[in-house]
Number of protein chains: 2
Amino acid sequence: MTPATAATICVPLSDSRANVKTWARTSAPGFVVTSPRRCSTLSSSTTAAATGQAHLWSVDEHLEDILGAVHPLEPIELQLLDAQGCVLVEDVTVPVSLPPFDNSSMDGYAIRTADVAGATEEFPAVLEVIGDVAAGSAGELTVGPGQAARIMTGAPLPPGAEAVVPVEWTDGGLGEGPVGTMNPHSSSPEGATGEVRVHRPAGNRAHVRARGSDVQAGERALDAGTVLGPPQIALLASIGRSSVKVRPRPRVVVLSTGSELTQPGEELAEGRIYDSNSFALTAAARDAGAIAYRVGAVADDAETLRSTIEDQLIRADLLVTTGGVSVGAYDVVKEALQGVGTWEEGAESGSGVEFRKLAMQPGKPQGFGAIGPDHTPLLALPGNPVSSYVSFELFVRPAIRALMGLKDVSRPTLRAGLSAEKPLSSPSGKRQFLRGRYDGEAGTVTPVGGAGSHLIAALAHADALIVVPENTTEVTPGTEVDVVLLG
Amino acid sequence: MTPATAATICVPLSDSRANVKTWARTSAPGFVVTSPRRCSTLSSSTTAAATGQAHLWSVDEHLEDILGAVHPLEPIELQLLDAQGCVLVEDVTVPVSLPPFDNSSMDGYAIRTADVAGATEEFPAVLEVIGDVAAGSAGELTVGPGQAARIMTGAPLPPGAEAVVPVEWTDGGLGEGPVGTMNPHSSSPEGATGEVRVHRPAGNRAHVRARGSDVQAGERALDAGTVLGPPQIALLASIGRSSVKVRPRPRVVVLSTGSELTQPGEELAEGRIYDSNSFALTAAARDAGAIAYRVGAVADDAETLRSTIEDQLIRADLLVTTGGVSVGAYDVVKEALQGVGTWEEGAESGSGVEFRKLAMQPGKPQGFGAIGPDHTPLLALPGNPVSSYVSFELFVRPAIRALMGLKDVSRPTLRAGLSAEKPLSSPSGKRQFLRGRYDGEAGTVTPVGGAGSHLIAALAHADALIVVPENTTEVTPGTEVDVVLLG
């Protein structure tokens, strides 16, 4: 993952690359930083950060700011199966009624009702079989008085016929009492001729599905905003749609930063650790519905980071970085991306990434903004594994789902009783997210591991986040707490 | 989708093709038809079907038979991100403790505790800054009495140091009171030298994460059977695993059959309908975790169907067909695949597909068996759109999840009060599955559309199946019913 160009990202991207991006989507993601609060609250984030006096953002404020700025992607026409999980942006009307013609709901015989009135097994109606009406056939036969056409499920009711008697109500043309099935046409073509004995009467339209009995032409099939799952795809196919206009899955580029990071599978030198964030967040982004690209780890060098990000912009609807956002001397994400209006000369004012402190634990340092000529949104998460994962759940997942045009962007929260041996303590003024295991039957949640943001093994054994509000410093066992179920 | 060969499937596949398959998986799916019940209950399914006297299978019996015969796929080693959603088949042990070394949990200064004892802002401890310890650095510095090393989050605690004081507890080396951040090393390299004033004392090991405090080398990281989500992938990466042994996602080939079927987007001739089943079931198979291939619609010709299936076997862990399984004269799936032991000459006895009648509505006719040299499982579903979708949910989804090695193969069932204007009627002796909309807050479910198995529009507006048991013929509003939530 070496950047292909040495140009810094302060230089606008060349026209040819911008054109490629425009071609790949019908328009740019439309991300423009316009939040008045951001402009007014933090007139100079650099100064504020340098003095440590920055506004402490709440979790809700930060999320609201992100969702206020991240707009759904422009819709594109996608083949039906490529649109699975996407949000429809058009109202789809039924062009042709379903079913398109009266057809049989059974394998049997198309008959005239008067001909089978009063029929019994002892005194069957004997009808002349005039041929087969298979599914897909186009009305070559007409059923006259005393006649029957052998008909298959889904085949059009032939002219003259008024109802269908199932094959099980007949002798199947064999003259030997009731049958359970027809003989295959391929091996017994004579079944389409001769006589059939019908053992039961049938009312008008019996076993006939009327044209339009499912939906009528002109009716609304699906509303804009519908998420396309298998049944919706079934309906679209059944009314002849091979493609639909939907918001595409966002392309999310994931980078981790840190000179200490080693690729898993390689040997671990002294003082170094394995890169796990880029794997975890790429997987989490896919889980949230995105097409995710894992770039991997970038060393703590601002120039390398800038050129890597520039390189990746071409395929990103959203950029996610981890690490380098805190108060250290090597926090290169902050160093490379901080500042408003300095990112791209000649661009609209307001572009840039802002770094904040949030009243939460873990995940205090966060960055959010827009970069590049398309104002591509970027979320800069902290580097501790648990911090970055929790931050993803709280902020990136909703951003991805907002880009998709989904309404429910966050995971649902439910209530559960705290199951623990001793009270949980939580820092005052911060919303704390602890890892837990949820027991749906008992309605309880049990903490797993401690609060440390490096406790990745505990995270891997959790299935829920326990939310302790800002003003709560202790939670005693048995208390009801908010729980966010993961996965 | 034209078969590449005119050979019938009764001829064993050539060795070269079998080898390709063996190469693609470490072994064949291992599907062998051994269910004693199948053999004893239905000594001759052809005869039984012909007389209509076949055993009526319950939903549970049919599912049990499928799950008894479908075995989890052989595990393969997959790259971490390719293993997402898969079941781990190895117990993974931690090779190196996490964290691998004592490291700082804060950006600050590594110090000796005696040097900062009693320090206050008014009477700070003044220490000599001997250099930077960045994350990823490998212990070049030793902290002596009266000395401090500037240290970053995640960086190894240098020899001699006993604790870390956060930068916010110091003047950051600037000599002007408390600071909130360090200046970037790249622009202010002098920050790694000179003096620092520390304003607060620190206890032994303060802000130090001990080696192994997350997990110890030799501990079990993850047990075999774990489903790999983002947090589990994070843990595997963090202990250096770049690949893991998992059961792969099954490759599911979906074919619809019927000469009446037209590809969506094309013009609809008289008597024909659009193919929706192959789209719906391909989407549903992906939803269930499979890699799904949509072959599309095959005309009602047994020879074409056989050669198409033979063609597809190479990439199938499971085959799913729709249509052609009932009692009509053109039910080619039944015609092509019926019979035990006739499928492949020279193969183990027991191969073949069996066609059954189930005590359910919709979905009465069903086929299940194994075909080809690898005894690839095949589920033959009925062709009505609602029947095939309900059959998928009840039988194919569990089969896919069983192939993945998952324990929870079926969707959970919950209870809800029936919200309806009039009682629901249900046929005696059959388990009925009606489409409904579930209201979680009210705890109710409301039927959508009627019982007709062609009502695809109603299915697209449902989010649940309402289950009416075999012995219930009427359900009055307000009664609690079983509900299966879809999607």
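Rules of the game
- Residues numbered from 1 in each chain as written.
- Chains lettered and ligands numbered in written order.
- Predicted model: local features only at pLDDT ≥ 70, side-chain atom pairs only at ≥ 80, totals over all residues.
- Heavy atoms only, no water.
- Helix = DSSP H or I, 4+ residues; strand = E, 2+ residues; numbered from the N terminus.
- Buried < 20%, exposed > 50% of the residue type's maximum accessible area, 1.4 Å probe, protein only.
- Contact = heavy atoms within 4.5 Å.
- Areas by Shrake-Rupley, 256 points an atom, 1.4 Å probe, with all protein chains shown as cover.
- Least-squares fit on C-alpha atoms with pLDDT ≥ 70 in both.
- Pairing = 2+ DSSP bridges.
- Phe/Tyr/Trp six-rings, centres within 6.5 Å; stacked < 30°, edge-to-face > 60°.
- Lys NZ or Arg CZ within 6 Å of the ring centre and 35° of its normal.
- Polar contact = N/O pair within 3.5 Å; in protein donor to acceptor, adjacent residues only side chain to side chain.
- Buried area = accessible area lost by both parts, 1.4 Å probe.
- Salt bridge = Lys/Arg side-chain N within 4 Å of Asp/Glu carboxyl O.
- Nonpolar A, V, L, I, M, F, W, Y, C, P; charged D, E, K, R; others polar.
- Arc of directions from axis to C-beta.
- Axes fitted to C-alpha atoms, helices over the stretch in contact; angles between N-to-C directions.
- Parallel < 35°, antiparallel > 145°, perpendicular 65-115°, else oblique.
- Left-handed = near helix turned anticlockwise from the far one by under 90°.
- Bend = angle between axes of the 7 residues up to and from the residue.
- pLDDT = per-residue confidence, 0-100.

Novice: What am I meant to see in the overall build of chain A here?
Specialist: When its secondary structure is counted, chain A shows 11 helices and 30 strands. Considering chain A as a whole, with its 487 residues, one finds that 56% of them fall into the buried category. If you take every contact in chain A between residues at least 6 apart in sequence, the share linking residues at least 24 apart comes to 73%. Carbon and sulfur atoms provide 50% of the accessible area of chain A, an area that totals close to 18,500 Å².

Novice: I tried to follow the relation of the copies chain A and chain B on my own but got confused; where do I start?
Specialist: Relating one copy of the chain to the other takes a rotation about an axis and a shift parallel to that axis. The two copies are related by a screw motion: chain A maps onto chain B through a turn of 180 degrees and a shift of 0.0 Å along the axis, at an RMSD of 0.1 Å. When the rotation and shift are considered jointly, the pair of chain copies conforms to a two-fold rotation axis. Judged by C-alpha distance, Asp 287 of chain A is the residue of chain A that lies nearest the rotation axis, at 6.0 Å. Most of the interface of chain A is mirrored in chain B, where 100% of its interface residues again form contacts.

Novice: Looking at this structure, how should I read the pairing of strand β26 (residues 431-439) of chain B?
Specialist: Residue and element names in this part refer to chain B. Across two bridges, the pairing between strand β21 (residues 360-361) and β26 is parallel. Within β26, the position partnered with Gln 361 by the bridge is Gln 432. The turn joining β26 and strand β27 (residues 444-447), which pair antiparallel and follow one another in sequence, is formed by four residues; a positive phi near 70 degrees is taken by Gly 443.

Novice: Would you explain the packing of aromatic side chains in this entry?
Specialist: Given two aromatic rings, one states the distance between the centres and the angle between the planes to describe the pair. Inspection of every chain in the model, using the stated rule, returns zero aromatic pairs over all chains. The ring centre of Phe 279 of chain B lies 3.8 Å from the NZ or CZ of Arg 294 of chain B, which sits over that ring.

Novice: Explain the environment of Arg 294 of chain A here, please?
Specialist: All names here are of chain A. Residue placement: Arg 294 occurs in strand β17 (residues 291-298). Spatially, the C-alpha atoms of Arg 294 and Leu 281 are 8.4 Å apart, while their sequence positions differ by 13 residues. Here Gln 263 takes part through its side chain, which lies 3.0 Å from a polar atom of the side chain of Arg 294. A polar atom in the side chain of Arg 294 sits 2.8 Å from the side chain of Ser 278.

Novice: Looking at this model, I keep getting lost on the interface of chain A and chain B. Mind explaining?
Specialist: How big an interface is tends to be expressed through the accessible area that disappears when the partners come together. Each side of the interface is counted separately: chain A has 87 residues, and chain B has 89 residues. Roughly 6,800 Å² of surface becomes buried between chain A and chain B when both sides are summed, with 63% attributable to carbon and sulfur atoms. Sorting the residues of chain A by area buried against chain B places Leu 81, Val 327 and Tyr 330 of chain A first, and these three jointly supply 9% of that buried surface. Between chain A and chain B we count zero salt bridges in total. Summed over the shared surface of chain A and chain B, the number is 34 residue pairs in polar contact (both at pLDDT 80 or more). By residue number, the principal contributor to the side of chain A that touches chain B is helix α6 (residues 230-238) of chain A, which donates eight residues. Per-class residue counts for the side of chain A that touches chain B are 44 nonpolar, 26 polar and 17 charged.

Novice: Looking at this structure, I do not really get the sheet that holds strand β3 (residues 87-88) of chain A. What am I missing?
Specialist: Strands pair in a sheet through their backbones, by hydrogen bonds, and they do so in one of two ways: parallel or antiparallel. All names here are of chain A. The three strands lie next to each other as β2-β13-β3, forming an open sheet whose pairing is antiparallel. Edge positions in the sheet fall to β2 (76-79) and β3, since each has one partner strand and no second. Relative to strand β13 (residues 243-247), β2 is paired through four bridges, and the arrangement is antiparallel. Bridge pairing in β13 places Glu 77 opposite Lys 245.

Novice: What exactly am I supposed to notice about the pairing of strand β8 (residues 147-151) of chain B here?
Specialist: Consecutive side chains along a regular strand alternate between the two faces of the sheet. Residues and elements named next belong to chain B. Counted residue by residue, β8 has five buried out of five residues, so it is predominantly covered. Examined bridge by bridge, strand β6 (residues 108-111) and β8 share three bridges and lie antiparallel to one another. Residue Tyr 109 lies in a different strand from β8, and its bridge partner there is Arg 150. One ladder, built from four bridges, connects strand β7 (residues 125-133) with β8; its direction is parallel. Looking at the pairing, Asp 132 lines up with Arg 150 of β8.

Novice: I would appreciate a short explanation of helix α4 (residues 59-69) of chain A in the present structure.
Specialist: Along an α-helix, a turn takes 3.6 residues, which lines up residues three or four apart on a common side. Residues of α4 of chain A that are buried include every one of Val 59, His 62, Leu 63, Asp 65, Ile 66 and Ala 69 of chain A, and no others. For α4 of chain A, the buried positions fall inside an angular range of 155 degrees around the axis, keeping them on one side.

Novice: What's the story with the sheet that holds strand β13 (residues 243-247) of chain B in this structure? I'm lost.
Specialist: Residues and elements named next belong to chain B. Pairing in this open sheet of three strands is antiparallel, and the strands run β2-β13-β3 from one edge to the other. The two strands at the open ends of the sheet, each matched to only one other strand, are β2 (76-79) and β3 (87-88). Bridging between β3 and β13 involves two bridges; their strand directions are antiparallel. Note that in β13 the partner of Leu 88 across the bridge is Val 246.

Novice: I would appreciate a short explanation of the environment of Val 252 of chain A in the present structure.
Specialist: Residues and elements named next belong to chain A. As for its placement among the helices and strands, Val 252 is situated in strand β14 (residues 251-257). Sequence separation between Val 252 and Asp 317 is 65 residues; the distance between their C-alpha atoms is 5.9 Å. With near-sequence residues (within four places) excluded, Val 252 lies in contact with Ala 285, Ala 290, Ile 291, Ala 292, Tyr 293, Leu 318, Val 320 and Ile 400.

Novice: When you look at the environment of Leu 127 of chain B in this model, what are you seeing that I'm missing?
Specialist: Residue and element names in this part refer to chain B. Turning to its location among the elements, Leu 127 is positioned in strand β7. Here the alpha-carbon distance between Leu 127 and Gly 173, two residues 46 residues apart in the chain, equals 9.4 Å. Those residues in contact with Leu 127, other than ones at most four positions away along the chain, are Ile 111, Asp 115, Val 116, Gly 146, Gln 147, Ala 148, Gly 194, Glu 195, Val 196 and Val 198.

Novice: So what exactly am I meant to see when it comes to the packing of helix α7 (residues 277-287) of chain A against helix α6 (residues 230-238) of chain B here?
Specialist: Packed helix pairs are characterised by how far apart their axes lie and by the angle those axes make with each other. One way to put it is that α7 of chain A packs onto α6 of chain B with a least axis distance of 8 Å and a crossing angle of 160 degrees. The pairing of α7 of chain A with α6 of chain B is recorded here as roughly antiparallel in orientation. Crossing of α7 of chain A against α6 of chain B: the hand is right-handed. Contacts between α7 of chain A and α6 of chain B involve Phe 279, Ala 280, Ala 283 and Ala 284 of chain A from the first element and Pro 230, Ile 233, Ala 234 and Ala 237 of chain B from the second. Here the contact of α7 of chain A with α6 of chain B is built from residues that sort into eight nonpolar, no polar and no charged.

Novice: Just checking my understanding: could you explain helix α10 (residues 385-403) of chain A for this structure?
Specialist: Residues and elements named next belong to chain A. Maximal helix bending in α10 amounts to about 45 degrees, located at Phe 392. Counting buried positions along α10 gives 18 out of 19 residues, so the element sits mostly inside the fold. Once α10 ends, the next one or two residues include Gly 405, with phi positive near 85 degrees.

Novice: I would appreciate a short explanation of unusual backbone geometry in the present structure.
Specialist: Generally, phi is negative for residues other than glycine and the peptide bonds are trans, each holding for most cases. Cis geometry is found at the peptide bond from Leu 98 of chain A to Pro 99 of chain A, where omega equals -15 degrees. Assignment of secondary structure puts Pro 99 of chain A in the loop between β4 (92-93) and β5 (103-104). Backbone geometry places His 375 of chain A, a non-glycine residue, at a positive phi of 50 degrees. Relative to the elements of secondary structure, His 375 of chain A occurs in the loop between β22 (365-371) and β23 (376-381). The exposure class of His 375 of chain A is buried, given its relative accessible area of 9%. Positive phi outside glycine occurs at Arg 205 of chain B, with the angle close to 70 degrees. Along the chain, Arg 205 of chain B turns up in the loop between β10 (195-198) and β11 (208-209). Given a relative accessible area of 34%, Arg 205 of chain B falls into the partly exposed group.

Novice: What am I meant to see in the confidence of the model for chain A here?
Specialist: Residues shown with low pLDDT carry predicted positions that ought not to be read at fine detail. On average, residues of chain A carry a pLDDT of 87, and 86% of them reach 70 or more. Note that residues 1-52 of chain A has pLDDT below 50 and, in this model, 97 contacts with residues that lie over four places away or in other chains.

Novice: Just to check I follow, could you spell out the packing of α4 of chain A against α10 of chain A for this structure?
Specialist: All names here are of chain A. For the pair α4 and α10, interaxial distance at closest approach is 10 Å and the crossing angle is 25 degrees. Between α4 and α10, the crossing angle belongs to the class labelled roughly parallel. Between α4 and α10 lies a crossing whose hand is right-handed. Of α10, the residues touching α4 (which contributes Val 59, His 62, Leu 63, Ile 66 and Leu 67) are Leu 394, Phe 395, Pro 398, Ala 399 and Ala 402. Here the contact of α4 with α10 is composed, by residue class, of nine nonpolar, one polar and no charged.

Novice: So what exactly am I meant to see when it comes to the pattern of salt bridges here?
Specialist: Oppositely charged side chains can form a pair if their charged atoms are brought close together. Summed over all chains, the structure comprises 37 salt bridges over all chains. Here Glu 470 of chain A ties to Arg 431 of chain A by a salt bridge, and the two come within 3.0 Å at their closest N and O atoms. Of the two residues, Glu 470 of chain A sits in the loop between β28 (464-468) and β29 (474-475) while Arg 431 of chain A sits in strand β26 (residues 431-439), which places them 39 residues apart along the sequence. For the salt bridge of Arg 356 of chain B with Asp 65 of chain B, the shortest nitrogen-to-oxygen distance reads 2.5 Å. Note that Arg 356 of chain B is positioned in strand β20 (residues 352-358) and Asp 65 of chain B in helix α4 (residues 59-69), a separation of 291 residues in sequence. For the pair Arg 356 of chain B and Asp 65 of chain B, a shared accessibility class is recorded, and that class is buried. A cluster of three or more residues bridged by salt bridges with shared partners is formed by Asp 60, Arg 431 and Glu 470 of chain A.

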